There are 2 protein chains.
Amino acid sequence: MNTPADGTAEHAHTTAWIASVLRTRIAAGELTPGSKLSEEPLCAALGVSRNTLRQAFTTLVGESIVTRIPNRGVFVASPGVEEVREIYRVRRMIEPAAVLWGELTPQVLDGLETIVERAQQARDSGSVPAMADANQALHGAVVALTGSASLQELMDRVLAEMRLVFHSMASAPDFHSHYVDRNVTLVKQLRAGERQEAAEGLRAYLDEAEAELLVHLGAEQDRRSEMRQRAG
Amino acid sequence: MNTPADGTAEHAHTTAWIASVLRTRIAAGELTPGSKLSEEPLCAALGVSRNTLRQAFTTLVGESIVTRIPNRGVFVASPGVEEVREIYRVRRMIEPAAVLWGELTPQVLDGLETIVERAQQARDSGSVPAMADANQALHGAVVALTGSASLQELMDRVLAEMRLVFHSMASAPDFHSHYVDRNVTLVKQLRAGERQEAAEGLRAYLDEAEAELLVHLGAEQDRRSEMRQRAG
DNA sequence: TGGCCAATATTGTTGAACAATCTGTGATTC
DNA sequence: GAATCACAGATTGTTCAACAATATTGGCCA
């Protein structure tokens, strides 16, 4: 039938496929937070029926990647102050828990070290995106210590929401460079088996990161409301 | 959480409505684990279109209340050994984390005490379902200490899955009476501010509960395969 | 009995239609 | 001139009927 615009979408599971396409585009910042996903244009663009698209929407709503307002449509989620607080509430629980009670095999520790090295290289070469990636990878790997797919999934969702937060900020300053050394320390402590100290340090790190992010976000919101005032 | 009267489908949000109806029926054990949810009969029974029902299905799949096998249909989830392990992997992380780092206000402590009292009364009157309810309520309340809606939601899903496990067991012996005293101790420790000890005890409790549940489940599976053999 | 194949049933997806709701525009009124 | 209201257009929510693709069933044959 109609081969979708962007390439090879076979008869695997159209719904899941569409959901994945949208997920990817949102994560890439191609679809910016707050923007509306109108059904008809998207149907045409993706080459699927409206019904299938709506089913994909329900999937993404369940992942809170997207927000549905009844009779108004679905919008790319645009996390604000409260969402950021919630993100850090989650992280402050599951990350230190993983550090305290996760399974620390030598291979896993090697993996963590590889990631922090990547982060250091990214910092040295001044690549902010690479640093962000490495940072997220590290914290994802920390949660993976739990061995729980559900917690890993929750963390993935949280990290995806974090990316949305960064996308919604016009100026994303080097939010991550400060924290590379902290991550090095964290992995070092894990290697040394100092779980208690690692967990404490991690909680302190998360507190600071949240505070800093909230400041940036507040400034961003002020800037935005000011622009709105100027425009109106 | 308002349970809508089982009447005619209103023009509110049919999809969400249907999802909630199915959720309730599954939680009540009306739809037993492993049973197939055929589209046409359900459409007729619920008075909705096949498309709407399928959309409700995707919601429930996202909550892993239900399993979808491509081209075969959706089935009520029937958690087995691996799912139980995963349940306790999650609980062993987030419950002790909540105990260690959650916010302990006097009101919340009062609430916890009310729940354990309810559990004690249920044990005294020998009501297993009431005991199970109180037990789940307590552990839900513990996770609520985190203040995080996401973690609360994850815990709710986990507890719902636990109910499915119990539903799938023909004989559900007094799995909970052993643990009432432990919960009393837990709340007492929280009241005393002995978080470290509370977390330790909670982890030990979860280990034991998991082991016992796995034994029951193993016996159940043996019984079942034996019956299958006898029948075939 | 055991395996193969066609007939049947079920799922996955589409397209068009309709009711319900929202949005924006212009007319009316003060 | 600003606020209010009504109406037409657009969008969403849901249904129905159809079709392709896949699974299941039953019969047939060896």
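Let us look at the structure shown here. (Residues numbered from 1 in each chain as written. Chains lettered and ligands numbered in written order. Predicted model: local features only at pLDDT ≥ 70, side-chain atom pairs only at ≥ 80, totals over all residues.)

### Some thoughts on the nonpolar core
Put simply, the rule reads: Connectivity within a nonpolar core runs through C-beta atoms within 7 Å, and the core itself is a set of buried Ala, Val, Leu, Ile, Met, Phe, Trp, Tyr and Cys residues. Around each residue's C-beta, the other C-beta atoms within 10 Å are counted; 20 or more make the residue buried, 12 or fewer make it exposed, and counts in between make it partly exposed. All C-beta atoms are placed from the backbone. Any two residues are considered in contact once their C-beta atoms, placed from the backbone, lie within 7 Å.
Counting residues in each nonpolar core, the largest one holds 109 residues, and the members touching the most others are Ile-94 of chain A together with Ile-94 of chain B. Setting aside its immediate chain neighbours within four residues, Ile-94 of chain B contacts Met-93, Ile-94 and Ala-97 of chain A together with Val-143, Leu-151 and Met-155 of chain B.

### Describing the sheet that holds strand β2 (residues 66-69) of chain B
So the rule is basically this: Only when DSSP finds a minimum of two bridges between them are two strands counted as paired. Helix numbering and strand numbering both begin at the N terminus, where a helix is a DSSP run of H or I of at least 4 residues and a strand a DSSP run of E of at least 2.
Overall, antiparallel pairing links the three strands, which are arranged β1-β3-β2 (chain B) in an open sheet. Each having just a single partner strand, β1 (36-37) and β2 of chain B make up the two edges of the open sheet.

### A closer look at the protein's contact with DNA strand D
Condition: Nearness rests on one distance test: the residue's C-beta atom, set from the backbone, must lie within 6 Å of the molecule or strand. As a working rule, the residues Ala, Val, Leu, Ile, Met, Phe, Trp, Tyr, Cys and Pro are called nonpolar, Asp, Glu, Lys and Arg charged, and the rest polar, with Gly in that last group.
In the region of DNA strand D, 20 residues are neighbours, and Glu-39 and Gly-73 of chain A together with Thr-14, Ser-49 and Thr-52 of chain B sit closest. Among the elements of the structure, α2 (39-46) and α3 (50-62) of chain A together with α1 (14-27) and α3 (50-62) of chain B are those that each provide at least two residues to the surface near DNA strand D. By residue class, the composition of the surface near DNA strand D is two nonpolar, twelve polar and six charged.

### Topic: the pairing of strand β2 (residues 66-69) of chain A
Residue and element names in this part refer to chain A. In the sheet, β2 pairs with strand β3 (residues 73-76) via four bridges, with the strands oriented antiparallel. The partner of Thr-67 across the bridge, within β3, is Phe-75. Connecting β2 to the antiparallel partner β3 that follows it, the hairpin turn spans three residues, and Asn-71 within it adopts a positive phi of roughly 65°.

### Focus on the protein's contact with DNA strand C
In the region of DNA strand C, 19 residues are neighbours, and Thr-14, Ser-49 and Thr-52 of chain A together with Glu-39 and Gly-73 of chain B sit closest. When contributions to the surface near DNA strand C are tallied by element, the ones reaching two or more residues are α1 (14-27) and α3 of chain A together with α2 (39-46) and α3 of chain B.

### Topic: α1 of chain B
Residue and element names in this part refer to chain B. Put simply, the rule is: In this scheme, a helix's expected span is set at 1.5 Å multiplied by one less than its residue total. By definition, the arc is the one covered by directions from the helix axis to the C-beta atoms.
Taking 1.5 Å per residue as the helical rise, α1 with its 14 residues ought to reach 20 Å, and the 20 Å between its terminal C-alpha atoms agrees with that figure. What α1 keeps buried is the set Thr-15, Ile-18, Ala-19, Leu-22 and Ile-26. The buried residues of α1 occupy an angular sector of 100° when projected down its axis, which confines them to one face. Note on α1: the residue one or two positions beyond its end, Gly-29, has a positive phi of about 80°.

### Topic: the environment of Leu-22 of chain B
Positionally, Leu-22 of chain B belongs in helix α1. Beyond its immediate chain neighbours, meaning those up to four positions away, Leu-22 of chain B contacts Ala-56 and Leu-60 of chain B.

### Focus on the interface of chain A and chain B
Contact with chain A, which involves 25 residues of that partner, is made by 25 residues of chain B. Elements represented by at least two residues in the side of chain A that touches chain B include exactly α3, α4 (81-101) and α7 (149-168) of chain A. The element best represented in the side of chain A that touches chain B is α4 of chain A, accounting for ten residues. When its residues are assigned to classes, the side of chain A that touches chain B shows eleven nonpolar, ten polar and four charged.

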